[in-house]
Amino acid sequence: MISRILCIGAGYVGGPTMAVIAKHCPNVQVVVADINKERVAAWQSGHPPIFESGLQEVVRASLGRNLRFTGDVEHEIGEAEMIFVSVNTPTKTFGQGAGRAADLQYWEKTARSILHHAKRPVIVVEKSTLPVRTAEAMERIFKNRRHGQRFEVLSNPEFLAEGTAITDLEAPDRVLIGGAETPEGQAAIGELVDIYARWVPRERIITANVWSAELSKLAANAFLAQRVSSINAISAICEQTGADILSVARAIGSDRRIGAQFLKAGVGFGGSCFQKDILNLVYLCEHNGLPEVARYWEAVVNLNQYQKERFVRRMIRVMFNTLAGKRIALFGFAFKANTGDTRESPAIQICQELLAEQAQLSITDPEALEGARHFFGTSSERVTFEPDPYKAAEGAHAVALLTDWAEYRTLDYRRIYDAMERPAFLFDGRNLLDCEELHAIGFNVYAIGRPDRTDL
Ligand code: NAD
Ligand code: UGA
């Protein structure tokens, strides 16, 4: 029975995942270690460095009991029986595979650190999303072990989505554990199953071999992103033909074989993982001599890029082919609602394209304004940051809604309209608002995949 768990990496995955394990396994000491001292201090003070509903309560319930955050990675490796590796695995920006392959430098440093500092038999659990056969590479690093050291590598990819991390962890659709088909591998799987089984029904805990588990994670994200690109592709046809994407999504989503989820057309998917993981899959296909399969998945990312460009093109076209000097209020900068995360947010590319048109931007977001400020820094005098959406819209020629925050639905749009320039434009990039009502107020309304509502 495992009694000491270490997680290396206190990010969006490591922090919440370990807090939930600590909650359900009060007799297991859970330590989360990270090289980022600021992050560690924030977690350890009970004020998590990320915004996630319900997270603070779960962390505080176990802090000081069986949950601890530390910067001393090496010492903690020596104490642990099971080590989760939850470091970042971004897309490589240099050398071979740049722009596609996963950058494995953080992961490899961690593997080497485990090799050097482990003092007892350790089960190493890949929590990060990694290319297929990474566990095998890790095992090769561990082959250089000293006498008496023993390592067993498992793959346990994480499927939580930001904004719903705690509910996803508390009641996952499934937990996936991949391990070697040897007696030692199966025993290690058994130890990890026992941890999850404290709160996850056994039938939801799926076991597999390591590379099937690794590939399943990439495939799951690719399928989800593909649905978003598919509905966005249909939204482009809707705008050309007068069909309404909401009706189309409802009609196709009612087919139980298709299902209703992930059919929301919008400004394109964002977040730290969809694009990175598909590009990783594309690289894997190319590497394995499957160029046709690579092109198939690459099209999902290309379409996503096109959707963002298309949104800006429509803005320029309907606003009389010029945005120069016009003030545009951007409602939302986070890549989705209920998170402060701005990584790969569609808002980034959209803002850059609007700035290239010499527009003045006023960005508002309930949780991601710091992220937005950090992104633009002081590099542009044409960007302002405004926590209050009413102020952001004052004197604006257009409002562009980019994140589906529920509070944007209940704003007083008459008040917003009254404070804007005329003609007032509203671009709903998430199909969140009531277009008819906004048009009745006086806005010229353009929503993704929906007919224009305009008097111009
Ligand atoms: P993150 O960037 O938020 O966190 C990673 C942390 O690892 C950082 O705090 C970093 O300082 C730390 N780190 C890097 N190298 C280290 C080292 N050598 N020693 C100690 N700490 C180190 O990343 P994240 O969003 O938590 O993602 C982690 C992994 O989980 C990625 O592979 C990602 O693809 C995957 N994933 C993410 C999500 C998500 O919603 N964000 C969901 C499922 C899977
Ligand atoms: C996604 C997956 O849903 C998780 O299962 C996975 O663990 C995670 O990636 C990961 O590996 O990091 P996340 O990126 O947090 O989670 O958020 P999603 O809810 O999947 O949304 C991703 C993007 O797609 C967002 O920009 C969202 O606005 C967009 N989206 C989603 C749409 O445009 N339409 C939809 O119908 C659904």
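Data block above holds the structure.
Keep in mind that this is a model prediction, so the values were computed, not measured.

**A closer look at helix α1 (residues 14–24)**
Along an α-helix, residues three or four positions apart point the same way, because every turn accommodates 3.6 residues.
Then step 1. Among the eleven residues in α1, nine count as buried, and that is most of the element.
Then step 2. Among the residues of α1, those classed as buried are Gly14, Gly15, Pro16, Thr17, Met18, Ala19, Val20, Ile21 and Ala22.

**Points about the site of ligand 2**
Then step 1. Among the 19 residues in the neighbourhood of ligand 2, the closest are listed as Phe159, Leu160, Glu162, Cys273 and Arg430.
Then step 2. Considering ligand 2 on its own, with 700 Å² of exposed area, one finds that the protein chains cover 88% of that surface.
Then step 3. Looking at the shell around ligand 2, the element that brings in the most residues is helix α9 (residues 210–241), giving four residues.

**Notes on the packing of α9 against helix α10 (residues 245–253)**
Geometry of a packed helix pair, given as the angle between the helix axes and the separation of the axes.
Then step 1. In the contact formed by α9 and α10, the axes pass within 9 Å of each other and the chain directions differ by 135 degrees. By the angle class used here, α9 and α10 are oblique. Classified by chirality, the crossing of α10 by α9 is right-handed. Along the contact surface, α9 presents Ile231, Ile234, Ser235 and Cys238, while α10 presents Ile245, Val248, Ala249 and Ile252.

**Observations regarding the sheet that holds strand β11 (residues 383–385)**
Then step 1. Taken together, the six strands give an open sheet; going across it, the order is β11-β10-β9-β12-β13-β14, and neighbouring strands pair in parallel fashion. In the strand order of this sheet, the two ends are held by β11 and β14 (444–447), each with one partner. Neighbour-to-neighbour, the strand axes of the sheet open up by a mean angle of 20 degrees, direction not taken into account.
Then step 2. For strand β13 (residues 425–428) and β14, the ladder comprises four bridges, and the chain directions are parallel. The partner of Phe425 across the bridge, within β14, is Asn444.
Then step 3. Sheet contacts for helix α13 (residues 346–356): β9 (327–331), β10 (360–364) and β11; angle to β10, the most-contacted strand, approximately 155 degrees.
Then step 4. Helix α14 (residues 369–376) rests against β10 and β11 of the sheet, and its axis sits at about 155 degrees to β11.

Cut-off values and rules
Residues numbered from 1 in each chain as written. Chains lettered and ligands numbered in written order. Predicted model: local features only at pLDDT ≥ 70, side-chain atom pairs only at ≥ 80, totals over all residues. Heavy atoms only, no water. Buried < 20%, exposed > 50% of the residue type's maximum accessible area, 1.4 Å probe, protein only. Helix = DSSP H or I, 4+ residues; strand = E, 2+ residues; numbered from the N terminus. Near = heavy atom within 4 Å. Areas by Shrake-Rupley, 256 points an atom, 1.4 Å probe, with all protein chains shown as cover. Axes fitted to C-alpha atoms, helices over the stretch in contact; angles between N-to-C directions. Parallel < 35°, antiparallel > 145°, perpendicular 65-115°, else oblique. Left-handed = near helix turned anticlockwise from the far one by under 90°. Contact = heavy atoms within 4.5 Å. Pairing = 2+ DSSP bridges.

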